Amino acid sequence: MSEWVVFLVRNLEPELLKRLRSEARSEEVSLQSLMRRILCDHYALDCPPLGKTTRIEHGSRTQRLRLHPEVWQALKDDSEETGESMQLLVHQALAARYVTKEAA
């Protein structure tokens with residue numbers, strides 16, 4: 001698989017979105033880059049940076065991500081194995097970043 005996959009992350013919780021945006025600003029990366037990196041880390045994949053960002057609505061709780069094919073496949077496999085939606089798995093992976101940080 002070599003083509004990037006577009007995935008819409010819908011209805012992000014406002015508090016999670018606030019934390020993601022804050023971290024992206026502090027690291028001077030796009031929100032999408034940060035979200036992609038979190039998903040790559042979650043699935044223990046080495047993902048090169050995309051190099052460009054996608055256009056988003058800053059007030060939107062839905063974000064358009066271009067995912068590395070390997071991340072998308074890992075997400076799909078995880079969904080098939082667990083019976084959970086890909087959407088839920090993405091939300092859980094993003095949220096887990098901050099649960100882990102708070103516990104440390």
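Residues numbered from 1 in each chain as written. Predicted model: local features only at pLDDT ≥ 70, side-chain atom pairs only at ≥ 80, totals over all residues. Heavy atoms only, no water.

Caption draft 1: Spotlight on the overall build of the chain. Regarding its fold elements, the chain presents four helices and two strands. Here the chain displays about 6,400 Å² of accessible surface, and carbon together with sulfur accounts for 50% of that area. (Helix = DSSP H or I, 4+ residues; strand = E, 2+ residues; numbered from the N terminus. Areas by Shrake-Rupley, 256 points an atom, 1.4 Å probe, with all protein chains shown as cover.)

Caption draft 2: Quick look at the confidence of the model for the chain. Scored by pLDDT, the chain has a mean of 87; 85% of the residues are at 70 or more. Model confidence for the chain, summarised as mean pLDDT per element, is weakest for helix 4 (residues 86-103) at 86 and strongest for helix 3 (residues 69-82) at 96. (pLDDT = per-residue confidence, 0-100.)

Caption draft 3: Representation of the side chain of Ser79. As for its position among the elements, Ser79 is in helix 3. Given the relative accessible area of 14%, Ser79 is considered buried. Apart from the residues within four sequence positions on either side, Ser79 is in contact with Glu84, Ser85, Met86 and Leu89. (Buried < 20%, exposed > 50% of the residue type's maximum accessible area, 1.4 Å probe, protein only. Contact = heavy atoms within 4.5 Å.)

Caption draft 4: The arrangement of the pairing of strand 2 (residues 63-67) in detail. Burial of strand 2 is extensive: four of the five residues sit out of reach of the surface. Pairing geometry for strand 1 (residues 5-9) and strand 2, over five bridges, is antiparallel. Across the sheet, residue Leu8 finds its bridge partner in strand 2, namely Arg64. (Pairing = 2+ DSSP bridges.)

Caption draft 5: Expanded view of the layout of surface pockets. In this model, the largest pocket occupies a volume close to 170 Å³. Forming the walls of the largest pocket are 13 residues, and the residues nearest its centre are Ser33, Arg37, Cys47, Pro48 and Pro49. Per-class residue counts for the lining of the largest pocket are seven nonpolar, two polar and four charged. (1 Å grid on protein atoms, 1.4 Å probe; cavity = no way out; pocket = protein on both sides within 12 Å on 5 of 7 lines; lining within 4 Å. Points joined across faces, edges and corners; volume = space filled by probe spheres on them. Nonpolar A, V, L, I, M, F, W, Y, C, P; charged D, E, K, R; others polar.)

Caption draft 6: Inspection of the packing of helix 1 (residues 14-27) against helix 2 (residues 31-42) at higher detail. It is at 9 Å that the axes of helix 1 and helix 2 come closest, and there the two elements cross at 105°. Taken together, the axis directions place helix 1 and helix 2 in an arrangement best described as roughly perpendicular. Contacts from Leu17, Leu20, Arg21, Glu23, Ala24 and Glu27 in helix 1 reach Leu31, Leu34, Met35, Arg37 and Ile38 in helix 2. For the contact of helix 1 with helix 2, the residue count by class is seven nonpolar, no polar and four charged. (Axes fitted to C-alpha atoms, helices over the stretch in contact; angles between N-to-C directions. Parallel < 35°, antiparallel > 145°, perpendicular 65-115°, else oblique.)

Caption draft 7: Highlighting the nonpolar core. Leu20, Met35 and Leu94 are the most contacted members of the largest nonpolar core, which totals 28 residues. Only strand 1, helix 1, helix 2, strand 2, helix 3 and helix 4 provide two or more residues apiece to this core. Among residues more than four places away in sequence, those in contact with Leu94 are Leu12, Leu16, Leu20, Met35 and Ile38. (Core = buried A, V, L, I, M, F, W, Y, C linked by side-chain atoms within 4.5 Å.)

Caption draft 8: Unusual backbone geometry, seen in detail. The phi torsion at Asn11 lies on the positive side, around 50°, for a residue other than glycine. The residue Asn11 is located in the loop between strand 1 and helix 1 in this model.

Caption draft 9: Representation of the state of the cysteines within the structure. Enumeration over the complete set of coordinates arrives at one disulfide. Paired through a disulfide, Cys40 and Cys47 show a sulfur-sulfur distance of 2.1 Å. Across the S-S bond linking Cys40 and Cys47, the dihedral sits near -105°, which makes this disulfide left-handed. For Cys47, a relative accessible area of 18% puts it in the buried group. (Disulfide = S-S within 2.5 Å.)

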